[in-house]
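An overview of the molecular structure
Below, each chain spelled out in residue letters.
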Amino acid sequence: MFNWKLFIPLLVFVALAFFLMKGLERDPGAMPSALLDRSMPEFSLPDLHEPDRQVSEAVFRDGEPALLNVWGTWCPACRVEHPFLMTLAERGVKIVGMDYKDERKAALAWLARLGDPYRVSFEDRDGRLGIDLGVYGAPETYLVDGDGVIRYKHVGVLDERVWRDELGPLYRSLVREAEDN
Amino acid sequence: MAMTPFPARCTARGFGAAWLLALCFFPAVLLAAIDPAQLPSQEMQARYRQLIEEMRCPKCQNQNLAGSDSPIAADLRREIRRLLEEGKSDEEITAFLVERYGDYIRYRPPVQDNTLLLWFGPAVLVLLGVAVLTVVVLRHRSDKAAVPALTDVERRELDALLESRREADDNEESRQ
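Because the structure is predicted, anything quoted here is derived from the model rather than measured. The residue count restarts for each chain, going from 1 along the sequence in the order it is written. Each chain gets a letter, beginning with A, and each ligand a number, beginning with 1, in the order they are written. Local features are withheld for residues below a pLDDT of 70 in this predicted model, meaning they are given only at 70 or higher, and side-chain atom pairs are given and counted only at 80 or more; totals for whole chains, interfaces and linings count all residues.

**Observations regarding the interface of chain B and chain A**
Facing 14 residues of chain B, the contacting portion of chain A comprises 11 residues. Runs of H or I in DSSP of at least four residues are treated as helices and runs of E of at least two as strands, each being numbered from the N terminus. Where the side of chain B that touches chain A is concerned, the elements lending two or more residues are α4 (71-85) and α5 (90-101) of chain B. With 5 residues, the top contributor of residues to the side of chain B that touches chain A is α4(B). Looking at the side of chain B that touches chain A residue by residue, the class counts come to 7 nonpolar, 2 polar and 5 charged. Think of it this way: build a C-beta for each residue from its backbone, and any pair within 7 Å is a contact. Gly falls in the polar group here, along with every residue not listed as nonpolar (Ala, Val, Leu, Ile, Met, Phe, Trp, Tyr, Cys, Pro) or charged (Asp, Glu, Lys, Arg).

**With respect to the pairing of strand β5 (residues 120-124) of chain A**
Residues are called buried when their C-beta atom has 20 or more other C-beta atoms within 10 Å, exposed when it has 12 or fewer, and partly exposed otherwise; all C-beta atoms are positioned from the backbone. When you tally the buried positions in β5(A), you get 4 out of 5 residues, the bulk of the element. Here is how to tell: hold the view so the strands point away, follow the path from the first strand over the helix to the second, and if it runs clockwise the crossover is right-handed. Once you follow strand β4 (residues 95-100) of chain A into helix α3 (residues 104-114) of chain A and on to β5(A), the crossover reads as right-handed.

**A short note on the sheet that holds β5(A)**
Strand pairing in a sheet relies on backbone hydrogen bonds. The paired strands run either parallel or antiparallel. Residues and elements named next belong to chain A. Strands were regarded as paired on the criterion that DSSP finds at least two bridges between them. Overall, mixed pairing links the 5 strands, which are arranged β5-β4-β3-β6-β7 in an open sheet. Strands with a single pairing partner mark the edges of an open sheet, and in this sheet they are β5 and β7 (150-155). Sheet twist, expressed as the average angle between the axes of neighbouring strands with direction ignored, equals 20°. As defined by bridge partners, strand β3 (residues 66-71) adjoins strand β6 (residues 140-144) across 5 bridges and the pair is classed as antiparallel. Paired with Val 70 across the bridge in β6 is Glu 140. The axes are straight lines fitted to the C-alpha atoms, using for helices just the contacting stretch, and the angles between their N-to-C directions are given from 0 to 180°.

**As for helix α5 (residues 160-180) of chain A**
Residues spaced three or four apart along an α-helix face the same direction, because each turn holds 3.6 residues. Residues and elements named next belong to chain A. Leu 167 marks where α5 bends most, by close to 55°; the proline Pro 169 follows one to four residues later. Within α5, burial applies to Trp 163, Leu 167, Tyr 171 and Leu 174. For α5, the secondary structure elements touched by its buried residues are β6 and β7. Working definition for bend: take the seven residues up to and ending at a residue and the seven starting at it, fit an axis to each, and measure the angle between the axes.

Below, the structure is given as structure tokens:
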């Protein structure tokens, strides 16, 4: 006689295994940005090169999609991603640099020594804009469209692979969008 | 005279242990030492402690803001302090942080669509367990009840059987 009840433990096991396997694939550190599809927060912070000049969220509203790169000379991973940022800048990608909780002198020395991939640089000395952006470390890179709306956030080193698989395609679609308008 | 030092030492040790125990259970006591600036009122200070206990450090996700030494936790504590001083309510401060860091920042997740399972899943499982147990027990009982009682004839037969068995046993004993 076929007793379907005998299969209950097996079914329970399969269901449990399924969820546990799902759990393995998830990155427990992944924290989706709460600011996706929201406008860049307003800010007014000193330009890194000319401290008397203020940079505001208007730099993201010129119609050209941009990367906002959060970095600091205290952050070793930023040193790792720096050469790739140079490559992107050479390819014509607009990168805005936010020197996060750093010393201006050290930051300028870094850019002089390693090259400056940023079209605009400003400093967030006390990390206030960082909090408005939901930054919790460096490096972090935001993709902002030409209207100043945040479209994507990558936490961690931005390298060739991340660009190819995540940011690059999005960036190109934003560029196409901007051209269509 | 010889007796005095002993209870005295004993009390001191007891006090020390109680103090250590208190420190273990009230990390806020320790916290007061590392956050030098006090808020203007006792009530605000209490709310501040409550908030940093309930907010998660985004960088070190197994710690709350109170327990983390990471720079971002320090920044967020400073921000909470500033908002408190501006007279913001607890709800406003929580909303401020959630707006920036998402629901992740809350150690006490709100009841909403995607947390229903989290909040009520365990209760549902317990109810399910109780239901299964009830069914099993009831069925077991009704199985028992379903065994028909003996008729008078059967009872007499049973008595006779038992009687003859006993006699057989007695005979065996007397032979030994």
